[in-house]
Amino acid sequence: MFYYVLKYVVLGPLLRLVFRPRIEGLENIPDDGAAIVAGNHLSFSDHFLMPAIIKRRITFLAKAEYFTGPGIKGRLTAAFFHSAGQIPVDRSGKDAGQAAIREGLGVLGKGELLGIYPEGTRSHDGRLYKGKVGVAVMAIKAGVPVVPCAMVGTFEIQPPGKVVPRIKRVTIRFGEPLDFSRYAGLEDQKAAIRAVTDEIMYAVLGLSGQEYVDEYAAKVKEAAQAEQPRKFPRRRS
């Protein structure tokens, strides 16, 4: 109930008014039945802008940190994400990927829309990174189409570290649904799920026009953070 209040009464109209998003290819979202919407992830704002313009309810697998933050801010954030129907997923540990897949398949099994960011984390520099294969496993196992999505301009309005977004128009593009029924039964084959994932990321790339990096975003981000102290060594007092 609260999801629809946010979408149609509170947050949705406000986001449309402020950011005036250009929407392209919305007809590619199926009117009913299970499907995956797989998009790039440039900004915290992505969590709100895409659901605000899709007619159907969409559930995202959100990182568990959004639900476990300390203090009043943490509790409010957790309450918001729970009310919006988002599912917390622990991304730490060797079983994290399997847990996310189980949760995602549960959403698809109910005939609903599942939103996922195959990169696994926000891009720290605006480039598009290599996709993780969980999206392919879910698409093949559930036998559902994947709709590629590109958020354009959200990095500029709210890059990492910026709390209050800039007021600037953004574009949200949806591509034609991708059918992977030819891979039925191959969700345990590494070559198959890699091929499916790469096809999805290529479709997102065609919509977004970003520079592509054939490495995982988390790995590149971690390396950049490790390099930071070397570039800016602490001065001795």
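Residues numbered from 1 in each chain as written. Predicted model: local features only at pLDDT ≥ 70, side-chain atom pairs only at ≥ 80, totals over all residues. Heavy atoms only, no water.

I keep staring at the overall build of the protein and nothing clicks. Help me out?
Broken down by element type, the protein carries eight helices and nine strands. Taking all 237 residues of the protein together, the buried fraction comes to 46%. A separation of at least 24 residues holds for 79% of the contacts in the protein among residues at least 6 apart in sequence. For the protein, the exposed surface amounts to about 12900 Å²; the carbon and sulfur share of it is 55%. (Helix = DSSP H or I, 4+ residues; strand = E, 2+ residues; numbered from the N terminus. Buried < 20%, exposed > 50% of the residue type's maximum accessible area, 1.4 Å probe, protein only. Contact = heavy atoms within 4.5 Å. Areas by Shrake-Rupley, 256 points an atom, 1.4 Å probe, with all protein chains shown as cover.)

Could you clarify how one ought to interpret the side chain of asparagine 40 in this entry?
Relative to the helices and strands, asparagine 40 is located in the loop between strand 2 (35–39) and helix 2 (46–53). Judged by relative accessible area, asparagine 40 falls into the buried class, the value being 0%. Reaching out from asparagine 40, the side chain makes a polar contact with the backbone nitrogen of methionine 151 at a distance of 2.7 Å. Polar contacts involving the side chain of asparagine 40 include one to the side chain of glutamine 210, which spans 2.9 Å. When near neighbours in sequence (up to four residues on either side) are disregarded, asparagine 40 contacts Asp46, Tyr117, Glu119, Leu128, Cys149, Ala150, Met151, Val204, Ser208 and Gln210. (Polar contact = N/O pair within 3.5 Å; in protein donor to acceptor, adjacent residues only side chain to side chain.)

What is the right way to look at the nonpolar core in this model?
Taken as a class, soluble globular proteins show a tendency for nonpolar side chains to be buried jointly. Membership of the largest hydrophobic core comes to 28 residues, with the highest contact counts inside it found for Ile36, Phe180 and Ile200. Contributions of two or more residues to this core are made by strand 2, strand 4 (87–89), helix 4 (96–109), strand 5 (113–116), helix 5 (134–142) and helix 7 (190–208). If we skip the residues at most four places from it in the chain, phenylalanine 180 touches Ala139, Val146, Val196, Glu199 and Ile200. In this structure, Ile29, Phe48, Phe60 and Met151 belong to the second largest nonpolar core, which totals 22 residues. (Core = buried A, V, L, I, M, F, W, Y, C linked by side-chain atoms within 4.5 Å.)

In this structure, what is going on with the packing of aromatic side chains? I would like to understand it.
Each aromatic ring pair is summarised here by two numbers: the centre-to-centre distance and the angle between the ring planes. According to the stated counting rule, one finds three aromatic pairs in the structure shown. Judged by centre distance (5.3 Å) and plane angle (25°), the ring pair of phenylalanine 60 and tyrosine 117 falls under stacked. Remark: tyrosine 117 occurs in the loop between strand 5 and strand 6 (128–129) and phenylalanine 60 occurs in strand 3 (residues 58–63); sequence separation between them is 57 residues. No difference in accessibility class separates phenylalanine 60 from tyrosine 117, as the two residues are buried. (Phe/Tyr/Trp six-rings, centres within 6.5 Å; stacked < 30°, edge-to-face > 60°.)

Please clarify how the pairing of strand 2 should be interpreted in this entry.
Remember that side chains alternate between the two faces of the sheet whenever the strand is regular. Judged by how many residues are buried, strand 2 sits mostly within the fold: five of five residues are covered. Taking every second residue as pointing to the same face, both faces of strand 2 are buried, with Ala35, Val37 and Gly39 on one and Ile36 and Ala38 on the other. Pairing of strand 2 with strand 7 (residues 146–152) involves four bridges; the strand directions are parallel. Following the sheet pairing, valine 37 is matched in strand 7 by valine 147. (Pairing = 2+ DSSP bridges.)

Hey, could you run me through the side chain of glutamine 210 in this one?
Examined against the element boundaries, glutamine 210 turns out to sit in the loop between helix 7 and strand 9 (212–213). At a separation of 3.5 Å, a polar atom in the side chain of glutamine 210 contacts the main-chain carbonyl oxygen of arginine 127. A distance of 3.0 Å separates the side chain of glutamine 210 from the side chain of serine 208, its partner in a polar contact. With sequence-adjacent residues up to four places away left out, glutamine 210 is seen in contact with Asn40, Leu42, Gly126, Arg127, Leu128 and Leu205.

Looking at this model, I keep getting lost on the sheet that holds strand 4. Mind explaining?
Strands belonging to one sheet form pairs held by backbone hydrogen bonds; the direction of such a pair is parallel or antiparallel. Spatial ordering of the open sheet is given by 1-8-7-2-5-3-4, a layout of seven strands whose pairing is mixed. Taken across any chain shown, the strands that pair with only one partner, and hence form the sheet edges, are strand 1 (22–24) and strand 4. Averaged over neighbouring strand pairs, the angle between their axes works out to 25° when direction is ignored. The sheet strands contacting helix 5 are strand 2, strand 5 and strand 7, and the helix crosses strand 2 at an angle near 160°. Packed on one face of the sheet, helix 7 meets strand 2, strand 7 and strand 8 (171–174) and runs near 35° to strand 7. (Axes fitted to C-alpha atoms, helices over the stretch in contact; angles between N-to-C directions.)

It is not clear to me how the pattern of salt bridges should be interpreted in this structure. Could you clarify?
Evaluated as defined, the whole model comprises five salt bridges. Between arginine 127 and aspartate 125 there is a salt bridge whose closest N-O contact spans 2.9 Å. A salt bridge links arginine 194 to aspartate 198, with the shortest nitrogen-to-oxygen separation between them at 3.1 Å. Linking arginine 194 with aspartate 198, this pair stays in helix 7, spanning four residues, or about one helical turn. Residue arginine 194 is classed as buried on the basis of its relative accessible area of 18%. (Salt bridge = Lys/Arg side-chain N within 4 Å of Asp/Glu carboxyl O.)

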